[in-house]
Amino acid sequence: MSVKVAALIPAAGSGQRLGQGPKAFVEVGGRTLLERAVTNFTQHVDEIVVAVPSELHREAKHLLPDDVIIITGGATRQETVYQLLQACTAEVVLVHDAARPFLAADVIERMKVAVLEHHAASVVTSVADSLIEAATGQTHDRSKLRAVQTPQGFRRDLILRAHDAANASGAHVTDDASLVRALGEPVALVEGSSWLLKVTDPSQLELARALAPHWDAQHNRATLTPYLKPSSML
Ligand code: CTP
Ligand code: MG
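The structure presented is a predicted model; accordingly, all values stated were derived computationally and were not measured. (Residues numbered from 1 in each chain as written. Chains lettered and ligands numbered in written order. Predicted model: local features only at pLDDT ≥ 70, side-chain atom pairs only at ≥ 80, totals over all residues. Heavy atoms only, no water.)

A cis amide bond links T150 with the next residue in sequence, P151, at an omega value of 15°. Considering the arrangement of structural elements, one finds P151 in strand 10 (residues 146–155). You will see that H119, though not glycine, has its phi angle at about 75°, which is positive. Summarising the element assignment, H119 is placed in the loop between helix 4 (105–118) and strand 7 (120–126). (Helix = DSSP H or I, 4+ residues; strand = E, 2+ residues; numbered from the N terminus.)

Below you can see the structure in the form of structure tokens.
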């Protein structure tokens, strides 16, 4: 593909709900969520930019390959993504939460195709549980609903325009694609899966840690080699 693609990884959150410090630096299966997020993209994009809390810059530099650009994130995810957008030059950006460690190569490739064709795309997944409103018990037809996951991908000029409009109007979201929809522009939907679970609270961390060995055996053989201790190679 001749169009330059960047992976933008917001990893500057404080991980309040997990309660173990900044979440991107928590380990799952022997590697931090941040390392996993970067590793998943290395073969698939031209540039990787991550945003971390300012006090963890040095730690991130130590963990990540030299060619990954590291910046300081903002007070909200939206601010962090805006800063990531300023820090890259690629025409197409894929925004992916560090909190989702199990991102398959085929999802990245499908997203690139969708963004080139439609200018904006989001990974979503169908909802298996019945859905009710907590306050009223009112049900919603789950067949019409989708849970929004990441990556979300955009032409960089479009998502910058969407963020500028949101900043001007004071809109605050956790989902960048909704800012594009607010401009009246469509967003293509790419099917994700339960593997794209977001590590948010301790139960999801427990699940992620249980799943990591299986995931690594299926997806990350090559990248596991550097983590073998010398003694285990004798
Ligand atoms: N994020 C970010 N900058 C912020 C807030 C969040 O880069 N100011 C990132 C997180 O690091 C994470 C992703 O956005 O990769 C999704 O956010 P979330 O799951 O809410 O993570 P936290 O904000 O860290 O968690 P919590 O809301 O429980 O504090
Ligand atoms: Mg948060």
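Further notes follow.
Take helix 4 next. Compared with an ideal rise of 1.5 Å per residue, which puts 14 residues at 20 Å, helix 4 spans 20 Å between its outermost C-alpha atoms and is within 8% of the ideal. Among all positions of helix 4, only V107, I108, M111, K112, A114 and V115 are buried. Positive backbone phi, at 75°, marks H119, one or two positions downstream of helix 4. (Expected span 1.5 Å × (residues − 1). Buried < 20%, exposed > 50% of the residue type's maximum accessible area, 1.4 Å probe, protein only.)

Once that is clear, we can look at the pattern of salt bridges. As a working rule, side chains carrying opposite charge can pair if their charged atoms are close by. What the rule picks out here adds up to seven salt bridges. One salt bridge in this structure joins D216 and R36, with 2.9 Å as the shortest N-O distance. One end of the pair, D216, is in helix 7 (residues 202–219); the other, R36, is in helix 1 (residues 33–41), with 180 residues separating them in the sequence. Overall, the relative accessible area of 6% leaves D216 in the buried class. With relative accessibility at 1%, the residue R36 sits in the buried group. R110 is the partner of D106 in a salt bridge, and the nearest nitrogen-oxygen pair spans 3.0 Å. One end of the pair, D106, and the other, R110, are both in helix 4, four residues apart, so they sit about a helical turn from each other. Its relative accessible area of 36% is what places R110 among the partly exposed residues. If you follow the salt bridges from partner to partner, you end up with R77, D97, R100 and D176 in one network. (Salt bridge = Lys/Arg side-chain N within 4 Å of Asp/Glu carboxyl O.)

We now examine the confidence of the model for the protein. Looking at the protein, pLDDT values average 93 and 93% of them are 70 or higher. Scored below 50 in pLDDT, residues 224–234 shows five contacts in the model against residues more than four places distant or in partner chains. (pLDDT = per-residue confidence, 0-100. Contact = heavy atoms within 4.5 Å.)

By size, the foremost hydrophobic cluster in this structure holds 46 residues, and its most contacted members are I9, L34, F41, I48 and V50. Where this core is concerned, the elements lending two or more residues are strand 1 (5–10), helix 1, strand 4 (47–52), strand 6 (92–95), helix 4, strand 7, strand 11 (188–191) and helix 7. Discounting chain neighbours no more than four positions away, the residues touching V50 are I9, L34, V38, L64, V68, I69, I70, I71 and L84. By size, the runner-up hydrophobic cluster in this structure holds 23 residues, among which are I71, C88, A162 and A166. (Core = buried A, V, L, I, M, F, W, Y, C linked by side-chain atoms within 4.5 Å.)

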